[in-house]
Amino acid sequence: MHKNNIPIRLNRSELAVPGSRPDFFEKAASGRSDIIFLDLEDSVAIEKKDKARKNIVDAIRNLDWKDKILSVRVNSLDSDFFEKDISDLLEIDNERLDLLMLPKVNSPNDVLKLENIVEKIEKKYNRKKKPGFELIIETASGLINVNDIASASKRNESLHFGAADFAASIGAKTMSIGGTSSSYGTLEPLKKNNMKRNFFLNDIWQVALFNIVVAANAWGLRAIDCPYGNFNDDEGFNVLAKSAYSLGYNGKMIIHPNQINLANQIFSPTVDEVKEAKEILQVIEKASHQGKGAVAFKGKLLDIVTIKQAKNIVTLSENILNKIKNK
Ligand code: GLV
Ligand code: MG
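Basis of the calculations
Residues numbered from 1 in each chain as written. Chains lettered and ligands numbered in written order. Predicted model: local features only at pLDDT ≥ 70, side-chain atom pairs only at ≥ 80, totals over all residues. Heavy atoms only, no water. Donors = N, O, S within 2.8 Å, 3.2 Å for Na, K, Ca; no water. Helix = DSSP H or I, 4+ residues; strand = E, 2+ residues; numbered from the N terminus. Buried < 20%, exposed > 50% of the residue type's maximum accessible area, 1.4 Å probe, protein only. Salt bridge = Lys/Arg side-chain N within 4 Å of Asp/Glu carboxyl O. Axes fitted to C-alpha atoms, helices over the stretch in contact; angles between N-to-C directions. Left-handed = near helix turned anticlockwise from the far one by under 90°. Contact = heavy atoms within 4.5 Å. Nonpolar A, V, L, I, M, F, W, Y, C, P; charged D, E, K, R; others polar. Near = heavy atom within 4 Å. Polar contact = N/O pair within 3.5 Å; in protein donor to acceptor, adjacent residues only side chain to side chain. Areas by Shrake-Rupley, 256 points an atom, 1.4 Å probe, with all protein chains shown as cover. 1 Å grid on protein atoms, 1.4 Å probe; cavity = no way out; pocket = protein on both sides within 12 Å on 5 of 7 lines; lining within 4 Å. Sits in = over half its atoms within 2 Å of the grid points.

1. Comments concerning the coordination of the magnesium ion (ligand 2)
In step 1: Protein coordination at the magnesium ion (ligand 2): the donors are Glu138 (OE) and Asp165 (OD), at 2.0 to 2.2 Å from the metal. Highlighted residues: Glu138 in the loop between strand E5 (132-137) and helix H5 (140-144) and Asp165 in helix H7 (residues 163-170), separated in sequence by 27 residues.
In step 2: Residue Glu138 is classed as buried on the basis of its relative accessible area, which comes to 2%.

2. Description of the pattern of salt bridges
In step 1: Tallied over the full model, the rule gives 22 salt bridges.
In step 2: Asp39 is the salt-bridge partner of Arg73, the closest N and O atoms lying 2.7 Å from each other. Of this pair, Arg73 sits in strand E3 (residues 69-73) while Asp39 is found in strand E2 (residues 35-39), placing the two residues 34 residues apart along the sequence.
In step 3: Residue classification places Asp39 among the buried residues on the basis of a relative accessible area of 1%.
In step 4: One salt bridge connects Lys275 with Glu279, and the closest N-O pair in it is separated by 3.9 Å. In this pair, Lys275 and Glu279 both sit in helix H11 (residues 271-289), 4 residues apart, roughly one turn of the helix.

3. Considerations on the packing of helix H3 (residues 82-90) against helix H4 (residues 108-124)
In step 1: For the pair H3 and H4, interaxial distance at closest approach is 10 Å and the crossing angle is 35 degrees. The chirality of how H3 crosses H4 is right-handed. Facing Phe82, Glu83, Ile86, Ser87 and Leu90 of H3, the residues of H4 in contact are Leu114, Ile117, Val118 and Ile121.
In step 2: Tallied by class, the residues present in the contact of H3 with H4 amount to 7 nonpolar, 1 polar and 1 charged.

4. Comments concerning the environment of Asn238
In step 1: In this structure, Asn238 sits in helix H9 (residues 234-247).
In step 2: Asn238 sits in the partly exposed class, given a relative accessible area of 26%.
In step 3: Asn238 sits 10 residues away from Tyr228 along the chain, and the two C-alpha atoms are 9.9 Å apart.
In step 4: Excluding anything up to four places from it in sequence, Asn238 contacts Leu262 and Ile266.

5. Overview of the site of ligand 1
In step 1: In the vicinity of ligand 1, the contacting residues are Arg73, Glu138, Gly162, Ala163, Ala164, Asp165 and Pro227.
In step 2: Within the side chain of Arg73, a nitrogen or oxygen atom sits 3.0 Å from an oxygen atom of ligand 1.
In step 3: With respect to ligand 1, the backbone of Ala164 contributes an N or O atom lying 2.9 Å from an oxygen atom.
In step 4: Taken by itself ligand 1 offers 190 Å² of open surface, and the protein chains cover 92% of this.
In step 5: Put simply, ligand 1 lies in the second largest pocket.
In step 6: The biggest single contributor to the shell around ligand 1 is H7, with 3 residues.
In step 7: A per-class count over the shell around ligand 1 returns 3 nonpolar, 1 polar and 3 charged.

In structure tokens form, the structure reads like this:
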């Protein structure tokens, strides 16, 4: 089993910018999101697809994207636009693009089709830089095949969860993008004397989120959570983002600049987390010099596996510091 050797990229906030709104591009380029994805897919009306593609090609060529990681979400393979999207993006004499995002990935074969067409054009035009692939898991088939999708190409960098399309694909009755469903839950058993029973809300996306983060990590990819459509609800965004961070997600796709700082903060370890992780590494190192595998720390047992958890936190904080330093 190979693990992808992907470039280290912070992916805490990944801002969607519709290709039909070039007036937003400059602000996005000078904003604080880790990644920008210029969208050709679902935020662009059918009659604006051609214009949006032109806007994006022009902007890749002419706009100063600084050190921003730049991605484009193309239309899905089963659309009439996919091939033209890819060819127009790669037939230009410019290698600024870092990533290509493919939505509605259903199977490993979809990834191979993407790889094939991309590599054909790269060869023809002798392109040196090879953009990585970001794959959105947002259909029933995509979730069933997530493991094979994750391993289908060495160019895969990340798996993303698309809650809105996924809801539509399985017939879930939610209408908000990436939000919760107030009906998806369970009621306490009947109580004596007609006492009021508590309703407990369940997380409708738990299984999908779990399977995606597992597949991503099995193959060395980043896992990115879905957008949250209600951009006036910071509290709702924060709770879901924190939950995704706790589960192992690297970041969230976002649909509004208001959400950039929230995501950057939540998907960064806190000062206390980093301090504790460093202490843990010291304690365990000392213990191992004394020939001990397990050791007590603040009343809790630590062992070798805790090193891996602590290292994840320290590495993430170092990557963030490096990004700040290089600004
Ligand atoms: C994102 O693409 C979604 O469908 O939620
Ligand atoms: Mg979608």
